[in-house]
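Here is how the chains run, residue by residue.
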Amino acid sequence: MCGIVGYIGNKNCIPILINGLKRLEYRGYDSAGIAYLADGSSFVIKNKGKVSLLEEKLSHLNINSNLGIGHTRWATHGIPNEINAHPHFNEDKTLYVIHNGIIENYQTIRASLRKLGYNFITETDSETIPYLIDSFLKKGFPLCKSVQLALNEIEGTYGLAVIYLNEPDKIIAARKGSPLILGIGENENFVASDVSAILAHTKQVVYLEDGEMAVVYKDHFVVKTIEDVEIKKEITEITMSLEEIDKGGYPHFMLKEIMEQPDSVQNSMRGRLIYEEGTAKLGGLEGYIDRIVNSKRIIISACGTSWHAGLVGEYMLEQFTRIPTEVEYASEFRYRNPIISKDDTIIFISQSGETADTLAAMREAKRKGALALGICNVVGSSIARESMTGIYTHAGPEIGVASTKAFSSQLIVLALITLLIARKKDMSLVDGQGIVEEMTKLPDKIRQILKLNSEIEAIAEKFKSATNFLYLGRGYNFPVALEGALKLKEISYIHAEGYPAAEMKHGPIALIDDNMPTVFIAPKDSTYDKIISNIEETKARKGVIIGIASENDDNIDRLVDYSIKIPDTIRMLMPILTVIPLQLLAYHIAVKKGLNVDQPRNLAKSVTVE
Ligand code: F6R
């Protein structure tokens, strides 16, 4: 989703802004632009499409500027084009604003600004901001006060950065519902929506909270509320390195992140398993464990892939802890006035920790008195900071827009929570130790599956022209069917549906013919015989079948057209293995179609709007 980077200091800001914007490309965008001050004048350059295009335009201009802001836009209001791209500006082009989020009352603000003589040139909600600030500047207020007055009139969400030719010593940044950080350097400071944009320059950051704004000078900064109350902020040191967010020799981040899973899964478990006690140790839950164990109900709320992880979590938690568990789309949960009690634990899962719906659902759950537990990957993200208790997945930075390693790590964390609660309830030591043992074997089993990469690539070649896919699984592997279908559709643009295999007979079977590939997730578990019947039914209708099967299953080969054989583990952990061939299949199909796997069309890595 939209990205922000800003620089003030002694260096030329142009390469810093361009490199920062390139680092933000993974979030998904459709246009890019920068504004900067130089030689007592201000300039804005923007275009539809890639940051590299912007870079090319700028390379002809020989600019030397010490203050600028840059933006990648992901269209919400108005088509992706040069005019709608940020920065937006006032009529005399002295004031520039970049904005992430949505101004909900922009029509009302537009109407009142029109009466003051302002003419809008874009279709965006964001353009109201520079005009609104300008209306206060014209009344004689200084920049900071004008921004505060403007923000008081705005309803909706924003992460924004503002520069002004008449006050060329500062960037103003403000946040409500859209992440924003300050990067603190020596005689230089940065503003960014994401640490990756500034990591090359500093690891010292300040996280702005909702309702806060910062006045950023080159050698110091001041943070205050929108109501002008000064706040003392802590500087946090980022532990992530630049190498961690590079491609490391892989053609795409997505492939790199799929291949990293033996390590990311290992990192999610590191120091958290105690074999002797057959349980898990989760420092992040300290002080809340009794409340969690005694919960009358667990609700898991998330979006997209994280929601699929939640579905697997439901199966784990109900099987082993016997606590009734429900899974809710965060977007539905937040708006339907859910019944929540103080005895509920609500788990919010989010890779980015910034997903607007999940964050809002968490705030609602807290307001209603439930225990809000966050499972996040991005350290210091909003959900991580605002949850009452939580666990980091430690999967490392996930840059590819399609989530892969974050999913397997979320499953690990859910398994750890399940183990911890179950052992505090009535799971035996031996059963707990059995789970610990199986968990420790996972990284090697994932390695074994990743060796099938070329085999899966060859299967992908056969299916690159398919237009529809069906994914079917049972029990723990039903959510994996949903996840496999989501991976395929989001990066290859092939329509795909996931279903519980038994549901096939209730409708989707009508689709099956010799043009319709069906992926069956059919490891040898307690549902195996049933799923074999479903495979037979598909075969009888000339369906083309890819089977994800257990390595010792020779029986399945007579039924399926292609089989991918993987090692077994206990049922609750099986999704961590079965999802991997599906990630690779989706990846290779998309690559064979010549698509940009890391930046699929219309998608954003961090969905910070509703
Ligand atoms: C799919 C994908 C999305 C995210 C969803 C939630 O590959 O990446 O479906 O899972 O937008 O994002 P997080 O986990 O950051 O809250």
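Note: the structure precedes this text.
So, a few notes on the structure that sits alongside this text. (Residues numbered from 1 in each chain as written. Predicted model: local features only at pLDDT ≥ 70, side-chain atom pairs only at ≥ 80, totals over all residues. Heavy atoms only, no water.)

1. Comments concerning the overall build of the protein chain
Okay, step 1: Secondary structure summary: the protein chain contains 18 helices and 27 strands in total.
Okay, step 2: Compactness check: the protein chain gives a C-alpha radius of gyration of 25 Å against a globular reference of 25 Å for 610 residues, within 12% of the reference.
Okay, step 3: Based on the C-alpha atoms only, the size of the protein chain along its principal axes is roughly 80 × 55 × 45 Å.
Okay, step 4: Considering only residue pairs separated by 6 or more positions, the protein chain has 71% of its internal contacts joining residues 24 or more positions apart.
Okay, step 5: Surface exposure of the protein chain reaches about 22700 Å², of which carbon and sulfur atoms provide 49%. (Helix = DSSP H or I, 4+ residues; strand = E, 2+ residues; numbered from the N terminus. Rg over C-alpha atoms; globule rule 2.2 N^0.38 Å. Contact = heavy atoms within 4.5 Å. Areas by Shrake-Rupley, 256 points an atom, 1.4 Å probe, with all protein chains shown as cover.)

2. Considerations on the environment of Thr-108
Okay, step 1: Along the polypeptide, Thr-108 turns up in helix α3 (residues 106–115).
Okay, step 2: The exposed category is assigned to Thr-108, whose relative accessible area is 56%.
Okay, step 3: Through-space distance from the C-alpha of Thr-108 to that of Glu-55 is 36 Å; in sequence the pair is 53 residues apart. (Buried < 20%, exposed > 50% of the residue type's maximum accessible area, 1.4 Å probe, protein only.)

3. A short note on the site of the ligand
Okay, step 1: Residues in close proximity to the ligand total 15 residues, the closest being Ser-306, Ser-350, Ser-352, Thr-355 and Glu-490.
Okay, step 2: Contacts to the ligand include Thr-305, whose backbone N or O atom sits 3.0 Å from an oxygen atom.
Okay, step 3: Where the shell around the ligand is concerned, the elements lending two or more residues are α9 (304–321) and α16 (478–492).
Okay, step 4: Of the residues assigned to the shell around the ligand, the class counts are five nonpolar, eight polar and two charged. (Near = heavy atom within 4 Å. Polar contact = N/O pair within 3.5 Å; in protein donor to acceptor, adjacent residues only side chain to side chain. Nonpolar A, V, L, I, M, F, W, Y, C, P; charged D, E, K, R; others polar.)

4. Digging into the sheet that holds strand β18 (residues 297–302)
Okay, step 1: Across the sheet, which stays open at both edges, the five strands sit in the order β19-β18-β20-β21-β22 with parallel pairing between neighbours. A single partner strand is all that each edge strand has here, and the edge strands are β19 (325–329) and β22 (389–392). Across this sheet, the average inter-strand angle for adjacent strands is 20 degrees, counted without regard to direction.
Okay, step 2: Of the strand pairs in this sheet, strand β20 (residues 344–350) and strand β21 (residues 371–376) are connected by six bridges, and their pairing is parallel. (Pairing = 2+ DSSP bridges. Axes fitted to C-alpha atoms, helices over the stretch in contact; angles between N-to-C directions.)

5. Regarding the nonpolar core
Okay, step 1: Phe-469, Tyr-471 and Leu-585 are the most contacted members of the largest nonpolar core, which has 90 residues in total.
Okay, step 2: Once residues within four sequence positions are removed from consideration, Leu-585 is found in contact with Ile-456, Ile-459, Ala-460, Tyr-471, Val-519 and Ile-546.
Okay, step 3: Counting residues in hydrophobic clusters, the runner-up holds 33 residues, among them Ile-16, Leu-21, Tyr-207 and Ile-399. (Core = buried A, V, L, I, M, F, W, Y, C linked by side-chain atoms within 4.5 Å.)

6. Re the pattern of salt bridges
Okay, step 1: Taken as a whole and assessed by the stated rule, the structure comprises 34 salt bridges.
Okay, step 2: In this structure, the salt-bridge partner of Lys-445 is Glu-438, at a minimum N-O distance of 3.3 Å.
Okay, step 3: The residue Asp-557 makes a salt bridge to Lys-565 at a minimum N-O spacing of 3.0 Å.
Okay, step 4: Asp-557 gets classed as partly exposed once you look at its relative accessible area, which sits at 35%.
Okay, step 5: Residues joined by salt bridges that share partners form a network here, namely Arg-175, Asp-210, Arg-363 and Glu-386. (Salt bridge = Lys/Arg side-chain N within 4 Å of Asp/Glu carboxyl O.)

7. Digging into the packing of aromatic side chains
Okay, step 1: In total, this model carries 12 aromatic pairs according to the counting rule given.
Okay, step 2: Ring centres of Trp-307 and Tyr-329 lie 3.9 Å apart, and the angle between their planes is 15 degrees; on these two criteria the pair is classed as stacked. Separated by 22 residues along the polypeptide, Trp-307 in helix α9 and Tyr-329 in strand β19 bring together distant segments of the chain.
Okay, step 3: Relative accessible area serves as the criterion here: at 11%, Trp-307 is assigned to the buried category.
Okay, step 4: Taking relative accessible area as the criterion, Tyr-329 reaches 38% and is therefore assigned partly exposed.
Okay, step 5: Following the ring pairs from residue to residue traces out a cluster consisting of Phe-463, Phe-469, Tyr-471 and Tyr-562.
Okay, step 6: Cation over ring: Lys-93 sits above Phe-89, and NZ or CZ is 4.8 Å from the ring centre.
Okay, step 7: Over the face of the ring belonging to Tyr-528 we find Lys-524, whose NZ or CZ atom lies 5.5 Å from the ring centre. (Phe/Tyr/Trp six-rings, centres within 6.5 Å; stacked < 30°, edge-to-face > 60°. Lys NZ or Arg CZ within 6 Å of the ring centre and 35° of its normal.)

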